[in-house]
Amino acid sequence: MGEGRVVRDVVGTADRTLTGRQLTALLTRPPEGRFGYRELARAIREALLDGRVALRMRLPAERELASVLMVSRTTVTGAYDLLRESGYAHSRRGAGTWTALPDGQAPTSLAAFHGDAETIVDLALAAPEAPAEELTEALAVASAELPRLARTQGYHPYGLPELRAAIADRYTRRGLPTLPEQILVTTGAQQAVSLVLALLGRPGDRALAENPSYTNALDAMRGRRLRITPVPVTESGWDSGLIDAALRQTAPRLAYLIPDFHNPTGHLMPDAQRREVARSAHATGTWLIVDETLTDIALDVPPPRPFAATAAVGDSEQVISVGSLSKSCWGGLRVGWIRAGSRVITELARVRVTADLAGSVLDQLVATELIDRLDTILPRRAAELRQRRDALVTALGRHVPEWHWTMPSGGLCLWIDLGRPIASSLVGRALRHGVRVEGGARFGVDPGTHEHRLRIPFAQPVDVYDMAAERLAAALAGAPAGIADPALPDWVA
């Protein structure tokens, strides 16, 4: 592809501009405090690779950025020149400069590997095992109830009435008054997200998403051919001003957010920020898809209230909440739900029956019983996950002390900073050493970003992590691999 074609492609897709103040707020200042042109180019490149600055984002004019940074315009010009020379920016005279990625910065697919999956420690799936005692009890109760329902046709497109009532009651007890007709039971949270995208999104529509974000949700947006507008989630969390600016500049049809123990960073959005985001989305007519799958996995803080409960009256009308039992109980149940206005639920049910008439009645009976037992399940689950998180942290500190992370107060993952952009190559080497992990690029809106990150869940038993960390250290050091050519399915949870 020639340079002219590259510039045309960038010009055609870069419809958002960072102001000098916005960019400055996203940059890490050098130790000496003042930017030279090399330090400025490095800071912008790192912000791009970390997802703080989106791909195809128009950078501030040289004079404006120089004024905000209090450096000479020559310094900014030199930095932009370095970014262009290294492939991290493209420019066109009179039209500005856009962020870009050099060739070869796409994430590596695991599908290229082949071998014995039983020898692999799988740290790519953020999904704990079932609470055995409660699951057994719930299954026994459900089995006793099944003969009664077996006398019916068994199709419940909206979900089993008693399960809808149980989910609605739990929302109400958590501070968001909800009626059963505001609930649609789905085959997991992923189907819930896909149904909302199918109802509200048309090919070519804008969709706002956090960067990084849950990879399966991003893939669902791409599958609907939505144009994704990224907003960064950084070490300090969300920037309400950037979200507001993105909403106003692009007026997306919908936005997908994970405010509760964000996957993969683990951040928890404060209530005040939730109100600001809801207000901004309401002003632009944007539907908010709020993924609350991890809301019950609160480890060091009280469980957050539903997002819609924190929004001001009127601002919650276009909030669609998605939940699931996959993380709090067991992914094997495949029971999730959508909470929205009753008219939206009716429309979503119509979309649902075109592909999936109804969910399993037995699974829904089990889910109804498990929801009644959540007050017993969740404290024990939190205690187990705290132990597993601490075991992972201890193991990584012992074997790879140069890695860093922010300790999450909930959720299931550590978002590891490797210190250098080596994630894709490390993922391949780690697999050959017997550990499956996912590089940060899998969670980026744009390919090749977050190359200095790994997502490592702590959903496995405590005794797994020391061995896994030792293998990761060996892979990092380039030691000979013990597995010649392993293979595992290229998916995450």
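Before any of the text, the structure's been laid out above.
As the structure is a computational prediction, the values presented were derived from the model and not from experiment.

Calculation notes
Residues numbered from 1 in each chain as written. Predicted model: local features only at pLDDT ≥ 70, side-chain atom pairs only at ≥ 80, totals over all residues. Heavy atoms only, no water. Phe/Tyr/Trp six-rings, centres within 6.5 Å; stacked < 30°, edge-to-face > 60°. Helix = DSSP H or I, 4+ residues; strand = E, 2+ residues; numbered from the N terminus. Buried < 20%, exposed > 50% of the residue type's maximum accessible area, 1.4 Å probe, protein only. Lys NZ or Arg CZ within 6 Å of the ring centre and 35° of its normal. Core = buried A, V, L, I, M, F, W, Y, C linked by side-chain atoms within 4.5 Å. Contact = heavy atoms within 4.5 Å. Pairing = 2+ DSSP bridges. Expected span 1.5 Å × (residues − 1). Arc of directions from axis to C-beta. Polar contact = N/O pair within 3.5 Å; in protein donor to acceptor, adjacent residues only side chain to side chain. Axes fitted to C-alpha atoms, helices over the stretch in contact; angles between N-to-C directions. Parallel < 35°, antiparallel > 145°, perpendicular 65-115°, else oblique. Nonpolar A, V, L, I, M, F, W, Y, C, P; charged D, E, K, R; others polar. Disulfide = S-S within 2.5 Å. Salt bridge = Lys/Arg side-chain N within 4 Å of Asp/Glu carboxyl O.

Caption draft 1: Spotlight on the packing of aromatic side chains. Applying the stated criterion to the full structure yields 1 aromatic pair. When the ring of Trp-415 is compared with that of Phe-443, the centres are 6.0 Å apart and the planes differ by 90 degrees; the resulting orientation is edge-to-face. One end of the pair, Trp-415, is in strand β11 (residues 413-417); the other, Phe-443, is in the loop between β13 (438-439) and β14 (453-457), and 28 residues separate them in sequence. For Phe-443, a relative accessible area of 0% translates into the label buried. Its guanidinium or amino end placed over the ring of Tyr-88, Arg-45 lies 5.9 Å from that ring's centre, counting from NZ or CZ.

Caption draft 2: A look at the nonpolar core. Of all hydrophobic cores here, the largest spans 48 residues; its most connected members are Leu-163, Ile-167, Leu-288, Phe-307 and Leu-370. Ranked by the residues each element gives to this core, the list is headed by helix α14 (residues 361-372), at 6 residues. Once you skip the residues sitting within four places of it in the chain, Leu-370 turns out to touch Glu-134, Leu-135, Ala-138, Cys-329, Leu-333 and Ile-377.

Caption draft 3: Structural detail: the sheet that holds β14. Pairing is antiparallel in the open sheet, where 3 strands are placed in the order β11-β14-β13. On the outer flanks of this sheet lie β11 and β13, each paired with one strand and no other. Pairing analysis gives 5 bridges linking β11 to β14, with the strands arranged antiparallel. Bridging from a neighbouring strand, Ile-416 pairs with Leu-454 of β14.

Caption draft 4: Fine view of helix α17 (residues 465-477). Helix length check: α17 (13 residues) gives 18 Å between terminal C-alpha atoms against 18 Å at 1.5 Å per residue, within 8%. Those residues of α17 that sit buried are Tyr-465, Ala-468, Ala-469, Leu-472, Ala-473, Ala-475 and Leu-476. All buried residues of α17 lie within an arc of 160 degrees about the axis, which places them on one face of the element. Those residues of α17 that are buried are in contact with β3 (121-122), α15 (374-399), α16 (423-432), β12 (435-436) and β14.

Caption draft 5: α14, seen in detail. A rise of 1.5 Å per residue sets the reference length of α14, with its 12 residues, at 16 Å; its end C-alpha atoms lie 17 Å apart and thus fit the reference within 8%. For α14, every residue scored as buried is listed here: Val-361, Gln-364, Leu-365, Val-366, Ala-367, Thr-368, Glu-369, Leu-370 and Ile-371. Where α14 is buried, its residues meet α6 (132-150), α7 (161-173), β4 (183-186) and α15. Two to three positions downstream of the cap, the backbone nitrogen of Leu-362 sits 3.4 Å from a side-chain oxygen, assigning the N-cap of α14 to Ser-360.

Caption draft 6: Structural view of the packing of helix α10 (residues 240-250) against helix α11 (residues 271-284). For the pair α10 and α11, the least separation of the axes is 9 Å and the interaxial angle reads 10 degrees. In terms of orientation, α10 lies roughly parallel with respect to α11. Contacts from Ser-240, Ile-243, Asp-244, Leu-247 and Arg-248 of α10 reach α11 at Gln-273, Glu-276, Val-277, Ser-280, Ala-281 and Thr-284. Its residues assigned to classes, the contact of α10 with α11 shows 4 nonpolar, 4 polar and 3 charged.

Caption draft 7: Fine view of the state of the cysteines. This structure, assessed with the given rule, holds 0 disulfides. No disulfide involves Cys-413; its sulfur sits 18 Å from that of Cys-329, the nearest cysteine.

Caption draft 8: Quick look at the pattern of salt bridges. Throughout the structure, instances matching the rule amount to 28 salt bridges. Notably, a salt bridge pairs Asp-50 with Arg-453, separated by 3.5 Å at the nearest N-O pair. With Asp-50 in the loop between α3 (37-49) and α4 (62-69) and Arg-453 in strand β14, the pair connects residues that are 403 residues apart, well separated along the chain. Across this residue pair, the class does not change: Asp-50 and Arg-453 are buried. As a salt-bridge pair, Asp-390 and Arg-389 come within 3.7 Å of each other at their nearest N and O atoms. Salt bridges linked by common partners bring Asp-50, Arg-52, Glu-235 and Arg-453 together as one network.

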